[in-house]
Amino acid sequence: MENKTYTQVAPGVWGMKIVFVNIYMVATAPGEWVLVDAGLKTGAEKIIKMAEELFGTDVPPSAIILTHGHFDHVGALKELLAKWPVKVYAHPLELPYLTGLSAYPPPDPTAGGGLMTAFSFIYPKGPINISGHVHPLTKDGTVPHMPEWDCIHTPGHSPGHVSLFRPEDKLLIAGDAFVNVKSESLLAVIAQKKELSGPPKYFTPNWLSAAMSVKKLRDLKPEIAATGHGPVIQGDELTQGLGDLANNFQELAMPDNGRYVHEPAKTNRKGVQYLPPARFNTALICTVFVLSAVAVFGLVNKIKSR
Ligand SMILES: [Zn+2]
Ligand SMILES: [Zn+2]
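What counts and how
Residues numbered from 1 in each chain as written. Chains lettered and ligands numbered in written order. Predicted model: local features only at pLDDT ≥ 70, side-chain atom pairs only at ≥ 80, totals over all residues. Heavy atoms only, no water. 1 Å grid on protein atoms, 1.4 Å probe; cavity = no way out; pocket = protein on both sides within 12 Å on 5 of 7 lines; lining within 4 Å. Points joined across faces, edges and corners; volume = space filled by probe spheres on them. Nonpolar A, V, L, I, M, F, W, Y, C, P; charged D, E, K, R; others polar. Donors = N, O, S within 2.8 Å, 3.2 Å for Na, K, Ca; no water. Tetrahedral: all angles 85-135°; square planar, octahedral: opposite > 155°, others 65-115°. Buried < 20%, exposed > 50% of the residue type's maximum accessible area, 1.4 Å probe, protein only. UniProt positions renumbered as here; feature names shortened; annotations may be inferred. Helix = DSSP H or I, 4+ residues; strand = E, 2+ residues; numbered from the N terminus. Pairing = 2+ DSSP bridges. Polar contact = N/O pair within 3.5 Å; in protein donor to acceptor, adjacent residues only side chain to side chain. Axes fitted to C-alpha atoms, helices over the stretch in contact; angles between N-to-C directions. Contact = heavy atoms within 4.5 Å.

- An unreviewed UniProt entry annotates the protein as Glyoxylase, beta-lactamase superfamily II of Pedobacter westerhofensis.

Right under this line is the structure:
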């Protein structure tokens, strides 16, 4: 049997991991489907292949819905839109980062938790510009082309972050409102070690909102959750993990220290309006120093041996 790169999450919903981030495809009617998120830049070919296997060749999605606009969720968009010129929907508060108006608040390499955090200063913070393709989601909680689904505004990780919920089987596409891997740790990410966790620490500029969003999702009592990072989680493991996370958010999810812990980035429909001052990152400076010393040592040895 052919090895598939994607898995079925629930009836009519499939997910695929692109390096370390997930995208989802949702069948919405016979011959119709919607793409949720667009993964990394390198993922376009894989996404097109998955769509062809599931829905046939030349069956574009009815729309693309974005949980949010971080680089790892919109990377393949431009290439996909060249093949499928369809409407993209995002929350109005996410539009500045999708229309070239504003970059996201910078990632916080001082938030701790591992190498993914320490090197987060190199991650792109946008904005991308897909004006002409992107449209605002409406306030009424409906999702275009997905009549069985509700759109839940879950800000904190990003201002216009949304999660998608199908009440019929209590299936949640959570985006990065919470994830199922310790996304700050490179080793955990490589191993895709399951661990229900708060939103990625290095890329979350409003912790109060993030905590409220997790409570909002917990109150929906989801039975299966497909997150932006990490494997699908369901049943008691989900109920227990999400309950613990919501009840002990500060302890389990928030960095001990970090740029946005005491004061959030302030944003509005025009994008970022205020940033708390950057913090001195001792861990990062030490890491760069050690890596540089190793590189210089290697170079000197190479020259000597000539
Ligand atoms: Zn994100
Ligand atoms: Zn993400």
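### Points about empty space enclosed by the protein
Phase 1: By the definition in use, this model includes 4 cavities of 30 Å³ or more.
Phase 2: Looking at the largest cavity, its volume works out to about 70 Å³.
Phase 3: Lining the largest cavity, in full, are Phe 20, His 70, Phe 71, Asp 72, Met 116, Tyr 123, His 157, Asp 176, Pro 200, Tyr 202, Phe 203 and His 229.
Phase 4: Of the residues that constitute the lining of the largest cavity, the class distribution is 7 nonpolar, 3 polar and 2 charged.
Phase 5: Looking at the second largest cavity, its volume works out to about 40 Å³.

### Quick notes on the coordination of the zinc ion (ligand 1)
Phase 1: Protein-derived ligands of the zinc ion (ligand 1) are His 68 (NE2), His 70 (ND1), His 157 (NE2) and Asp 176 (OD), with the metal-ligand distances lying across 2.1 to 2.4 Å.
Phase 2: For the zinc ion (ligand 1), the 4 donor atoms in the first shell make angles of 89 to 176 degrees at the metal, a pattern classed as irregular.
Phase 3: For the zinc ion (ligand 1), the donor residues sit on a single chain with the sequence spacing H-x1-H-x86-H-x18-D.
Phase 4: Here the zinc ion (ligand 1) and the zinc ion (ligand 2) are spaced 3.3 Å apart, and both take Asp 176 as a donor. Accessibility assignment for this pair places His 68 and His 70 in one class, buried.

### Details of the UniProt feature "domain: Metallo-beta-lactamase" (unreviewed entry) in the protein
Phase 1: Per the UniProt record, "domain: Metallo-beta-lactamase" (unreviewed entry) is annotated on residues 20-229.
Phase 2: Across residues 20-229, the secondary structure splits into 22% helix and 23% strand, with the terminal C-alpha atoms separated by 6 Å.

### Here's the deal with the pairing of strand 9 (residues 162-166)
Phase 1: Taking burial as the measure, the 5 residues of strand 9 include 5 buried ones, the bulk of the element.
Phase 2: Along strand 9, one buried face is formed by Val 162, Leu 164 and Arg 166 and the opposite face, lined by Ser 163 and Phe 165, is buried too.
Phase 3: With 4 bridges connecting them, strand 8 (residues 150-153) and strand 9 associate as antiparallel partners. Paired with Ile 152 across the strands is Ser 163, a residue of strand 9.
Phase 4: Of the strand pairs in this sheet, strand 9 and strand 10 (residues 171-175) are connected by 3 bridges, and their pairing is antiparallel. Note on strand 10: the bridge partner recorded for Arg 166 is Leu 171.

### Description of the side chain of Ser 197
Phase 1: The residue Ser 197 is located in strand 12 (residues 194-197) in this model.
Phase 2: Classification of Ser 197 as buried rests on a relative accessible area of 4%.
Phase 3: Of the polar contacts made by the side chain of Ser 197, one reaches the backbone oxygen of Val 181; its length is 3.4 Å.

### Things to note about the sheet that holds strand 4 (residues 32-36)
Phase 1: Judged by pairing direction, the sheet is mixed, and its 7 strands sit side by side in the order 1-2-3-4-5-6-7 without closing on themselves. Each edge of the open sheet is held by one strand with a lone partner, namely strand 1 (6-10) and strand 7 (134-136). Neighbouring strand axes in the sheet, compared pairwise and without regard to direction, differ in orientation by 30 degrees on average.
Phase 2: Bridging between strand 1 and strand 2 (residues 13-18) involves 4 bridges; their strand directions are antiparallel. Looking at strand 2, one finds that Thr 7 is bridged to Gly 15.
Phase 3: Of the strands in this sheet, strand 1, strand 2, strand 3 (21-29) and strand 4 are in contact with helix 1 (residues 44-55), which crosses strand 2 at around 155 degrees.

### Some remarks on unusual backbone geometry
Phase 1: That bond from Gly 126 to Pro 127 is cis: its omega, 0 degrees, falls within 30 degrees of zero.
Phase 2: Tracing the backbone shows Pro 127 in the loop between helix 4 (115-118) and strand 7.
Phase 3: Of note in this structure, Asp 58 is not a glycine but carries a positive phi near 55 degrees.
Phase 4: Note that Asp 58 resides in the loop between helix 1 and strand 5 (63-65).
Phase 5: According to the relative accessible area criterion, Asp 58 is exposed, its value standing at 66%.
Phase 6: Phi angles above zero are rare outside glycine, and His 145 is one such case at about 70 degrees.
Phase 7: Summarising the element assignment, His 145 is placed in the loop between strand 7 and strand 8.
Phase 8: For His 145, a relative accessible area of 41% corresponds to the partly exposed category.

### Focus on the environment of Ile 48
Phase 1: As for its placement among the helices and strands, Ile 48 is situated in helix 1.
Phase 2: Classification of Ile 48 as buried rests on a relative accessible area of 15%.
Phase 3: Beyond its immediate sequence surroundings of up to four residues, Ile 48 is in contact with Leu 80, Lys 83 and Trp 84.

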